[in-house]
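Here are the chains, one letter per residue:
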Amino acid sequence: IGQHIRFPQVGAMIEVPSSIYQIDEICQMVDFISIGTNDLTQYLLAVDRNNESVAGLFSSLHPSVLRALEQIVLGAARQNTPVSVCGELAGDPMGVMVLMGLGIESLSMSAGSLPKAKKVIRSFSLSEMRGFVNEAKNMSDAQDVKNFYIELLDERGLGSLIRAGK
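Residues numbered from 1 in each chain as written. Predicted model: local features only at pLDDT ≥ 70, side-chain atom pairs only at ≥ 80, totals over all residues. Heavy atoms only, no water.

**Some remarks on the side chain of E70**
Part 1 of the argument: Looking at the secondary structure, you find E70 in helix α4 (residues 63-78).
Part 2 of the argument: Classification of E70 by relative accessible area gives buried; the value is 18%.
Part 3 of the argument: Beyond its immediate sequence surroundings of up to four residues, E70 is in contact with L102, N134 and K137. (Helix = DSSP H or I, 4+ residues; strand = E, 2+ residues; numbered from the N terminus. Buried < 20%, exposed > 50% of the residue type's maximum accessible area, 1.4 Å probe, protein only. Contact = heavy atoms within 4.5 Å.)

**Quick look at the environment of I23**
Part 1 of the argument: For I23, the position within the fold is in helix α2 (residues 23-29).
Part 2 of the argument: When the C-alpha positions of I23 and V73 are compared, they lie 9.0 Å apart, and in sequence the two are 50 residues distant.
Part 3 of the argument: The contact partners of I23, leaving out residues within four places of it in the chain, are I14, I33, Q71, I72, G75, A76 and R78.

**A closer look at the nonpolar core**
Part 1 of the argument: I33, I35, M97 and Y149 are the most contacted members of the largest nonpolar core, which has 50 residues in total.
Part 2 of the argument: By residue number, the principal contributor to this core is α4, which donates seven residues.
Part 3 of the argument: Discounting chain neighbours no more than four positions away, the residues touching I33 are A12, I14, I23, I26, C27, I72, A76, T81, P82, V83 and S84. (Core = buried A, V, L, I, M, F, W, Y, C linked by side-chain atoms within 4.5 Å.)

**What about the packing of aromatic side chains?**
Part 1 of the argument: Taken as a whole and judged by the stated rule, the model has three aromatic pairs.
Part 2 of the argument: Judged by centre distance (5.8 Å) and plane angle (85°), the rings of F124 and F132 are edge-to-face.
Part 3 of the argument: Three or more aromatic residues joined by ring pairs form one cluster here, namely F124, F132, F148 and Y149. (Phe/Tyr/Trp six-rings, centres within 6.5 Å; stacked < 30°, edge-to-face > 60°.)

All quantities given are derived from atomic positions and should not be read as evidence of function.
Written out as structure tokens, the structure reads:
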């Protein structure tokens, strides 16, 4: 009698390109969204990351993926919907820089990725990361983006974060 029942929050996984074009409508129906970067990248680039013949073309750092992520973040912001990211990109040092630069503050990663992510977050300001991603999203291909972020990490003495994990 008189007990208040609190319903759990409801979220949506954003993993297919069509959801980018309906992000405003999706965000109106949920309390939060989470971007599944592995599947979103696979479907955006039409590259099966498990197929050895084409897996080398899979990269969540591809400029098309960065632009798609930006559109998702902008749509969620219009609806005041929190955004989180799960997938390998969230635990990758370069990915952390990209995602934070896009304004995503909630990253789901394995416990083993936390020390690297913390080191990156403490080494760059948010305004720097915003500037970096604005430059990266206009590059030609994923390798250019990767080289750009490797150079930035090297300049701060953090290049070992990339080489140690690969």
